Amino acid sequence: MKNLLQLQKDFINLRLGTFIHFNSATFQFHTGEIEDWEFEHENGGKPRRFPFDEKDWNPTQLDCVQWAKIAKSAGVRFAAFTTKHHEGFAAWPTKYSEHCVRNAANKTDVVAEYLNAFRAEGIKAGLYFSILDLTAGINRHSCTDSQKEIIKGQITELLTNYGEIPFLMVDGWNAPWGGPSYEMLPFEEVDALVKSLQPDCLLLNIGCNDGVQHTDVAFYENGAGQEVASGFEGPGILCQKLTRTWFWRSDDPVTPPMTAEWAIQQMDRYFPMNVNFMMNLSPNTKGKVDDNLAQEFARIGTMVRFPGELKELPKNWAVRK
């Protein structure tokens, strides 16, 4: 088991990652204007409008190997996949919910397919998991003991059934956009669970807004407007999207993504701050990445410039107290 500082340093030395958004929203909202989930249900108290039928999950050409090769072409060294987003659909056959691939038209365990494909390319493959779960009713108003059992049970499955997981990204937890508070579900409970299952697994909390007090690495959803404070020296991670939204839209294949030049500018800005950069990949409803996005990733690979390996920790390196 490595100490936390070593794990943080090793993670920062990876530098470039990809964030794969592929879940129920891919099928629900690809022709609409709603962003990626029912924000107003959680935050405005409005009735649910978009329940997802598991049978509508049917990526007929699911190709995680393609995703991994596209990521590799850009020089990506780590990746995360949305095992469950805020809507609550689980992309693996969880025993804690019927709202999962087990009851879908395509029953493939996407978590397993993703991990196998990215590991084969030598990419550190981590997982994303939303604690906020609209279908299970886990939200800013409710996190009962039985709902905690779902949360902890599903995290246990992900960290027990799929081999070594270098990091788990959690979302929708004590966040401005929703999810249970730390009073309802203490950070220490989840952190202790993760470390008991995999001591070397970093816990990256997207919803934290207090530095690294409630996360192993500070997380900035730059695509949603979060910015790294001046003078920050790490460890941090920042994610951005090259397309209009995190999940795929039907006009993505004919809409030019953000350019490789733009992505390189982001890296040049954040790498010196010891903040890793994650670029979003959004597979379509067939389960494949569109050509225009794949081509831009390949262009990034011809231009990426990695800094030297971080060996000594900066004096102001942020560590959890």
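Scroll up a little and you will see the structure.
Only a predicted model underlies this, so the values are computations on that prediction, with no experimental measurement involved.

Draft legend 1. Broad picture of the pairing of strand S3 (residues 124-130). Burial analysis of S3 places six of its seven residues in the buried class, the great majority of the element. Where strand S2 (residues 78-84) and S3 come together, six bridges link them in parallel fashion. The residue bridging Ala80 from the neighbouring strand is Gly126, located in S3. Remark: the S2/helix H5 (residues 110-120)/S3 crossover connection has right-handed handedness. Bridge count for S3 against strand S4 (residues 167-171) is four bridges, and the pairing is parallel. For Phe129, the partnering residue across the bridge sits in S4 and is Val170. The parallel pair S3 and S4 is bridged by helix H6 (residues 145-160), and the resulting crossover is right-handed.

Draft legend 2. Region of the structure containing helix H4 (residues 64-73). Residues of H4 that are buried: Cys64, Gln66, Trp67, Ala68, Ile70 and Ala71. Among the structural elements, strand S1 (16-20), S2, H5, strand S8 (275-281) and helix H9 (291-303) are those in contact with the buried residues of H4. Immediately beyond the C-terminal end of H4, within one or two residues, lies Gly75, with a positive phi of roughly 90°.

Draft legend 3. Just unusual backbone geometry, in detail. That bond from Gly234 to Pro235 is cis: its omega, 0°, falls within 30 degrees of zero. Looking at the secondary structure, you find Pro235 in the loop between strand S6 (218-220) and strand S7 (236-240). Phi at Asn274 takes a positive value of approximately 60°, unusual for a residue other than glycine. Assignment of secondary structure puts Asn274 in the loop between helix H8 (260-270) and S8.

Draft legend 4. Summary view of the sheet that holds S3. Read across the sheet, eight strands follow the order S5-S4-S3-S2-S1-S8-S7-S6 without closing on themselves; strand pairing throughout is parallel. The open sheet is flanked by strand S5 (202-205) and S6, the only strands paired with a single partner. Pairwise comparison of adjacent strand axes, ignoring direction, gives a mean angle of 25° for this sheet. Bridging between S1 and S8 involves five bridges; their strand directions are parallel. Across the sheet, the residue bridging to Ile20 is Leu281, located in S8. Contacting S2, S3 and S4, H6 crosses the sheet at an angle of about 170° to S3. Contacts between H8 and the sheet are confined to S1, S7 and S8, with S8 contributing the most and set at about 155° to the helix.

Draft legend 5. Fine view of the side chain of Asp109. On the secondary structure map, Asp109 appears in the loop between S2 and H5. Put simply, Asp109 is tucked away with no salt bridge, and the nearest opposite charge, on Arg102, sits 9.8 Å away. Side-chain polar atoms of Asp109 contact the backbone nitrogen of Val111, separated by 3.2 Å. Only 3.1 Å separates the side chain of Asp109 from the backbone nitrogen of Ala112, close enough to count as a polar contact. Those residues in contact with Asp109 that sit more than four places away from it in its chain are Ala91, Trp92, Pro93 and Tyr162.

Draft legend 6. Focus on the pairing of S4. For S4, the tally of buried residues reaches five of five residues, placing the bulk of the element in the interior. Both faces of S4 are covered, namely the face carrying Phe167, Met169 and Asp171 and the face carrying Leu168 and Val170. Two elements, S4 and S5, share four bridges in a ladder whose sense is parallel. What sits directly across from Leu168, in S5, is Leu203. For the crossover that starts at S4, traverses helix H7 (residues 187-197) and ends in the parallel S5, the hand is right-handed.

Draft legend 7. Broad picture of H8. Within the span of H8, buried status applies to Ala260, Trp262, Ala263, Ile264, Gln266, Met267 and Tyr270. Contacts from the buried residues of H8 go to S1, S7, S8 and H9.

Draft legend 8. Representation of the packing of H4 against H5 within the structure. Contact geometry of H4 with H5 gives a least axis separation of 8 Å together with a crossing angle of 40°. One finds that H4 runs oblique with respect to H5. In the packing of H4 onto H5, the handedness of the crossing is right-handed. The segment H4 lies against H5, with Cys64, Val65, Trp67, Ala68 and Ala71 engaging Val110, Glu113, Tyr114, Ala117 and Phe118.

Cut-offs and rules
Residues numbered from 1 in each chain as written. Predicted model: local features only at pLDDT ≥ 70, side-chain atom pairs only at ≥ 80, totals over all residues. Heavy atoms only, no water. Buried < 20%, exposed > 50% of the residue type's maximum accessible area, 1.4 Å probe, protein only. Helix = DSSP H or I, 4+ residues; strand = E, 2+ residues; numbered from the N terminus. Pairing = 2+ DSSP bridges. Right-handed = clockwise from strand over helix to strand, strands pointing away. Contact = heavy atoms within 4.5 Å. Axes fitted to C-alpha atoms, helices over the stretch in contact; angles between N-to-C directions. Lys, Arg positive; Asp, Glu negative; His and termini not counted. Salt bridge = Lys/Arg side-chain N within 4 Å of Asp/Glu carboxyl O. Polar contact = N/O pair within 3.5 Å; in protein donor to acceptor, adjacent residues only side chain to side chain. Parallel < 35°, antiparallel > 145°, perpendicular 65-115°, else oblique. Left-handed = near helix turned anticlockwise from the far one by under 90°.

Interpretation in functional terms is not warranted from these geometric data alone.
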